[in-house]
Every structure is written in structure tokens, then in C-alpha cells.
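Below are the chains, spelled out letter by letter.
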Amino acid sequence: MKRPLIFTLPLLCFRLAAQQPPFDFKSLDKFDSMTEHKTKITLDGDMLKLAGKFLGSDDDKDKDVDSIKNLVNNLKGIYIRNYEFDKDGQYTQADIEPLRAYLKQQQWTKIVEQQDGKELSEVYVQPIANEKFGGVAIIAAETRELTVVYISGAMNLSDLEKLGGNMGIPDVDLSDLKDLNNLKKAAPKKEKKDD
Amino acid sequence: MNFEDEIRAALRREPPPPEFAARVVALAAQQKKVRVMNAWRAPSTWALAAGIAVAALIPVGVVEHQNRERQRGLQAKAELYTALRITRSKLQQTKERVRRATTRHAL
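Now for a description of the structure that goes with this document.

What counts and what doesn't
Residues numbered from 1 in each chain as written. Chains lettered and ligands numbered in written order. Predicted model: local features only at pLDDT ≥ 70, side-chain atom pairs only at ≥ 80, totals over all residues. Heavy atoms only, no water. Buried < 20%, exposed > 50% of the residue type's maximum accessible area, 1.4 Å probe, protein only. Helix = DSSP H or I, 4+ residues; strand = E, 2+ residues; numbered from the N terminus. Pairing = 2+ DSSP bridges. Patch = residues over 30% accessible without salt bridge, like charges linked within 9 Å, V, L, I, M, F, W, Y side chains within 5 Å. Areas by Shrake-Rupley, 256 points an atom, 1.4 Å probe, with all protein chains shown as cover. Salt bridge = Lys/Arg side-chain N within 4 Å of Asp/Glu carboxyl O. Axes fitted to C-alpha atoms, helices over the stretch in contact; angles between N-to-C directions. Contact = heavy atoms within 4.5 Å. Phe/Tyr/Trp six-rings, centres within 6.5 Å; stacked < 30°, edge-to-face > 60°. Parallel < 35°, antiparallel > 145°, perpendicular 65-115°, else oblique. Nonpolar A, V, L, I, M, F, W, Y, C, P; charged D, E, K, R; others polar.

## Quick notes on the pairing of strand S4 (residues 119–128) of chain A
All names here are of chain A.
Argument step 1. Within S4, seven of the 10 residues are buried, leaving the element largely enclosed by the surrounding structure.
Argument step 2. The pairing of strand S3 (residues 109–116) with S4 spans seven bridges and is antiparallel. Paired with Val112 across the strands is Val123, a residue of S4.
Argument step 3. Here S3 hands over to S4 after two residues, with Gly117 in that stretch at a positive phi of 65°.
Argument step 4. As paired elements, S4 and strand S5 (residues 132–141) share eight bridges and run antiparallel to each other. Within S5, the residue paired with Val125 across the bridge is Val136.

## Considerations on a nonpolar patch on the surface
Argument step 1. A contiguous nonpolar surface patch, about 350 Å² in accessible area, is contributed by Phe3, Ile7 and Leu11 of chain B.
Argument step 2. Assignment of secondary structure puts Ile7 of chain B in helix H1 (residues 3–10).

## Concerning the sheet that holds strand S2 (residues 75–84) of chain A
Argument step 1. Taken in spatial order, the six strands line up as S1-S2-S6-S5-S4-S3 (chain A) in an open sheet, and their pairing is antiparallel. Each edge of the open sheet is held by one strand with a lone partner, namely strand S1 (37–43) and S3 of chain A. Ignoring which end each strand starts from, the neighbouring axes of this sheet average 5° apart.
Argument step 2. Strand contacts of helix H2 (residues 45–54) of chain A: S1 and S2 of chain A, with the helix running at about 95° to S2 of chain A, the strand carrying the most contacts.
Argument step 3. Its contacts with the sheet place helix H3 (residues 43–106) of chain B against S1, S2, S3, S4, S5 and strand S6 (145–155) of chain A, and it is angled at close to 115° to S1 of chain A.

## Concerning the packing of aromatic side chains
All names here are of chain A.
Argument step 1. Tallying each qualifying case throughout the model produces 11 aromatic pairs over all chains.
Argument step 2. A ring pair is formed by Tyr102 and Tyr150, whose centres lie 6.3 Å apart and whose planes are at 55°; its orientation type is tilted. In this pair, Tyr102 is assigned in helix H4 (residues 93–105) and Tyr150 in strand S6, connecting sequence segments 48 residues apart. Summarising the burial analysis for this pair, Tyr102 and Tyr150 share the class buried.

## Section: the packing of H2 of chain A against H3 of chain B
Argument step 1. One way to put it is that H2 of chain A packs onto H3 of chain B with a least axis distance of 8 Å and a crossing angle of 95°. It follows that H2 of chain A is roughly perpendicular to H3 of chain B by the angle criterion. Packed against H2 of chain A, whose contacting residues are Met47, Leu48, Leu50, Ala51 and Phe54 of chain A, the element H3 of chain B presents Glu69, Arg70, Arg72, Gly73, Leu74, Ala76, Lys77 and Leu80 of chain B at the interface.
Argument step 2. Looking at side-chain class alone, the contact of H2 of chain A with H3 of chain B contains eight nonpolar, one polar and four charged residues.

Read these as geometric descriptors, not functional statements.
If you want it as C-alpha cells, here you go:
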């Protein structure tokens, strides 16, 4: 059965948009040659699904592995770039600017900005309905270290809190970072249903 | 010549022509070879052999695929844990910085 182009084209565009990477992390690839101490993790939807299948297998004896599974099931992608440099001044704020611009363009909300000298921490969330996030992004810059975390997918901070102490993940009390009032203000008025 | 003599003449033993035995043996050997060659050339034989080979390879392929998927899965899981660890570590760091700054302002 042939579908008219008017129906097929928007569907195709939607699919292409859904497959697009969230941010072009290749802009940070220039640091690859500047340090040997780096961690680059790219887990797209398919890889997360695959990882999710292996959670709870083998040596995972943790009782809260279900919490991690639930969190991972809702995620669309995890992208980590961590660079540790041997000397100062290997990167500039301009290197992070494209990511900031992208987050601003996508209407992410900066919930934390803390600068202490050359040390900088920024936490962004993408507000969606029902006090949930569509993603979390962290920019952590130190004199000799730069870390960018970009997690896409429905979650809330309590999801991350649940992970405390599991699977070798450090225990963190994230309650101080909760600012749901800000999120409510920033959340779009039009409510969307989660996928 | 009476009837008995005719029968006797007809049934009398005669020696085989020269090289008869050699010709018989040669013919028999040739026919045997042809029969053996035909069996190997038959499509059904090759089909059967191919079937056996495929049947033997399928489980090997399946196991190999499962092993690869398992390796990929375990690698993805390890990366997931590392990613979550880094995320939480950076959130912890951020929180500490906020706390330090808040304390400084309070003083």
C-alpha cells in the first residue's frame, strides 16, 4: 500500500531527528592527543539496552540492581568525556562554549553554577512534566581536569540517589541539589506524556 | 546324424576364446569405477554433505554469536558503571563546592 508523501515525509524527519546524536562530542576530540589520562564513554540507546540485559548477572549481587535497571531502561544515552591534563592551560572556557550553547538552545535549565577560582561546576537539567528531567548534564572544570557528563532520558534526582553505594558507585546525598521549585517554574506549560 | 548326436555336439565343451578372462576382468573393473564415480557426482550426495556441514556449523555460529554478544554486553555494563560513578563523583564534587561556598558566605 502506497502512502502519500505528505504522511511519509514528517515521519521520516521525526525518525531522523530521533536518531541524531544529542551533541556533537567530536568538538572535544581535540583533547585526545593532549593527554593519555582520559575516559570517553558513549552509550547510545542500543548499548544501554544491551548493558541493561547484563545487569544483575554474574557478580552483581546487589539487591538494588533493579533501581539501576529501572533508571537505565528510561535512558536514551550516556556520554562522558573526562580529560586529565599534565599541565595547566590545556583547555579554555571557549572549548566548553559549544556545549553550553547547545544546552541553552535546547532549553535546558542550569540548576547549579559554582565557580571557585579556576574551578567550575555547572549542572543542567532538561525539565519536562511531572517534576522529571529529560536529561542531566554536568560540566566540571578544574585547572588540569575537564569533565563533561551528558545523560539523556527521563529521570529525577532521586533516581540517582537510589544508586548510592551500589556497584562501587560512591554514596552521594544529592538532596542539596534538589531545587524542584526552579524546575517547576522552568518546566514547559504544555504537559507531555513520557514515552 | 541322429538327435542324440546333435545334442551332444551342441553341448560339447569348448575352450574360451583367447584373452576372454582378461577382457571380463577389465570390463568388470571399468564398471565398478564408473559406479563409484557416479555416486560422488550425484547431486543428492553433495546436498547431503552440504546439509551435514551446515548443520554442524549452525551451533558453532550460534555459540560464537552468543559469546560476542555477551562480551559486548559485559563491556557495555562496565562502561555504564564507570559512567554512573563519574556522574555521581562530579555531583558530589559540585555539592562539596556549593557547601564550601555557603559556609564561607555564612562566616
